[in-house]
Structure formats: structure tokens, C-alpha cells
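Chains, contacts and geometry: an overview
Below are the chains, spelled out letter by letter.
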Amino acid sequence: MDLIFTALMSLFSFIYMFVVAKLMGHRQIAQLDAFDYITGITVGSIAAELATELEDPLKPTIAVAVYGVLTVCVSLITQRFQRSRKFIEGAPTILFHNGKLYRENMKKARLDLSEFLVLCRQQGYFDLSQIYTAVFEHNGALSILPAEPDRPATPRDLQLEPQQSTFLTEIIMEGRVLGENLRRMGKEEHWLKEQLKNQGYHSPKEIFLGLVDQNDQVTFYPPEKA
């Protein structure tokens, strides 16, 4: 009977935390959806109790299992039924569009004007005229579509066709040659020695980090003292 009561209380606390999280607004759970937030803080608390509950550890164990199962079920429901996602996770809210601030939407998002301006400044927008649309996402993040005149220019705007960049490859780390990376690039250590010599170095031990790009351009970073 006690174990059934524990499971029911876990279910109740899960629903209760969901309601509280929704009332607090998405800014309280920035970068997490509601159930990640609920599960994280609650399972952490239960796990702490489990670590110290020596007389009856089965109860917190069941509680953690209930939360785990509920989270998986919610995830499956939101994947299968798109309409449920809007209710459970929330929907994006337009706070600013084409020079207009939407006061009622800010109230729904539990966000005041000062907080909205802070979020804009954090993304580098100190003037609202630079913003065309600002959307408050369900995870508490603010997405901004800049006004066209203030949008950073792209190579396409300049009618350029730059070569696609790729990841740089480490060939020296803390004075040690990464032979496997060299071989993967089809290079040998004598090629690396030539690169070192061309840049005025005598040994890989003089290099803290060495990188090479897709065009075989090598950059060496010697260790610097603070």
C-alpha cells in the first residue's frame, strides 16, 4: 500500500510541477522544455533522498522510475500527436514585428519590457529599428530576424562564391606530433619538418598547437606566458 501511495504521490508531484512551471513562464526554464526542467530538478532531489534513505530506499527508487516513465511517455505523445506539443511544450510567441511591440504577448510569456530589451541587447541589438521580428521560443530563448538593411552581408549578396570551409586538423598538440592525423591527410613527418622550418621553428616541442586547413595552410601557436 505504501508503495502504491508513493507512486501516486510521484504522479501528483509531476503534474503539480508542470503546472507551476507553466505559470512561472518559459523564461524560468531557458534552454530547457518544461519536462526537462521538471524531471531535472525533481529527479535530482529524489536521487539525493535515495542516497541518504537507508531504512526504506525502495520508495525514492520507485519515485525516480515513475518520473522516468512519465517523461518517456510525454516525449512519445508529443512526437506522435503534434497538437499535444503546443499544449505541453508551449508555442513560439511573437513579441515584436515590423516596428510593433505586442504587449499582450509579453504578458502571456511572463516577460516585461525591460527583460525583453535585455534579451535583445544580449544578441547585439541595442536599437529596435534594427529588428524586424522577435520571437520568444518555448524554451525561453529569443530568436531575432534582423531588418534587411541591418542584416549582415553574405557572400551571395556580394555575388561571391567562396570555397567551402572545413574543420581544421590538429597536427601538433603540446609539443607532440599527431602522427595519425598526418597520415590521414596523406602527409609525412618530413613535410611537417619543412613547415616548421619555413616558419622559423626547429622542433615540434616548440609548438603548443599546430593546425592545418584543407589547403595545407599550417598555423603554429607557440606557448605564450601569461
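Values in this document were obtained by computation on a predicted structure and should not be read as measured data. (Residues numbered from 1 in each chain as written. Predicted model: local features only at pLDDT ≥ 70, side-chain atom pairs only at ≥ 80, totals over all residues. Heavy atoms only, no water.)

Describing the overall build of the protein
Tallying secondary structure elements over the protein gives eight helices and eight strands in all. Considering the protein as a whole, with its 226 residues, one finds that 31% of them fall into the buried category. Across the protein, every contact between residues at least 6 apart in sequence was considered, and the portion connecting residues at least 24 apart equals 50%. In the structure as shown, the protein presents an accessible area of about 15,700 Å², 57% of it carried by carbon and sulfur atoms. (Helix = DSSP H or I, 4+ residues; strand = E, 2+ residues; numbered from the N terminus. Buried < 20%, exposed > 50% of the residue type's maximum accessible area, 1.4 Å probe, protein only. Contact = heavy atoms within 4.5 Å. Areas by Shrake-Rupley, 256 points an atom, 1.4 Å probe, with all protein chains shown as cover.)

Focus on the sheet that holds strand β3 (residues 131-136)
What holds strands together in a sheet is hydrogen bonding between their backbones, with the strands either parallel or antiparallel. Taken in spatial order, the four strands line up as β2-β1-β3-β4 in an open sheet, and their pairing is antiparallel. The outermost strands of the open sheet, each flanked by one partner alone, are β2 (100-101) and β4 (142-146). Across two bridges, the pairing between strand β1 (residues 93-97) and β2 is antiparallel. Within β2, the position partnered with H97 by the bridge is K100. Against the sheet, helix α6 (residues 113-122) touches β1, β2, β3 and β4, its axis set at about 65 degrees to β4. (Pairing = 2+ DSSP bridges. Axes fitted to C-alpha atoms, helices over the stretch in contact; angles between N-to-C directions.)

Side note on a nonpolar patch on the surface
On the surface, a cluster of nonpolar side chains totalling about 230 Å² of accessible area is made up of L101, L113 and L117. Mapped onto the elements of the fold, L117 is located in helix α6. Judged by its relative accessible area of 30%, L117 falls in the partly exposed class. (Patch = residues over 30% accessible without salt bridge, like charges linked within 9 Å, V, L, I, M, F, W, Y side chains within 5 Å. Salt bridge = Lys/Arg side-chain N within 4 Å of Asp/Glu carboxyl O.)

Topic: the pairing of β3
Most of β3 sits out of view: five of its six residues are buried. Inspection of the sheet shows β1 paired to β3 by four bridges, in the antiparallel sense. Pairing of T93 across the sheet is with F136, part of β3. In the sheet, β3 pairs with β4 via five bridges, with the strands oriented antiparallel. In the strand pairing of β4, I131 is matched with P146. In textbook terms, the turn of a hairpin is the stretch between consecutive antiparallel strands, and for β3 and β4 this stretch comprises five residues, one of which, G140, has a positive phi near 90 degrees.

Considering unusual backbone geometry
Unlike most non-glycine residues, R110 shows phi in positive territory, near 55 degrees. Topologically, R110 is positioned in the loop between α5 (103-108) and α6. On the basis of relative accessible area, R110 is assigned to the partly exposed category, the value being 35%. Here the phi dihedral of E174 falls at roughly 55 degrees; this positive angle occurs in a residue that is not glycine. Within the fold, E174 resides in the loop between β5 (169-173) and β6 (176-177).

It is worth stressing that arrangement in space is one thing and function is another; only the former is reported here.
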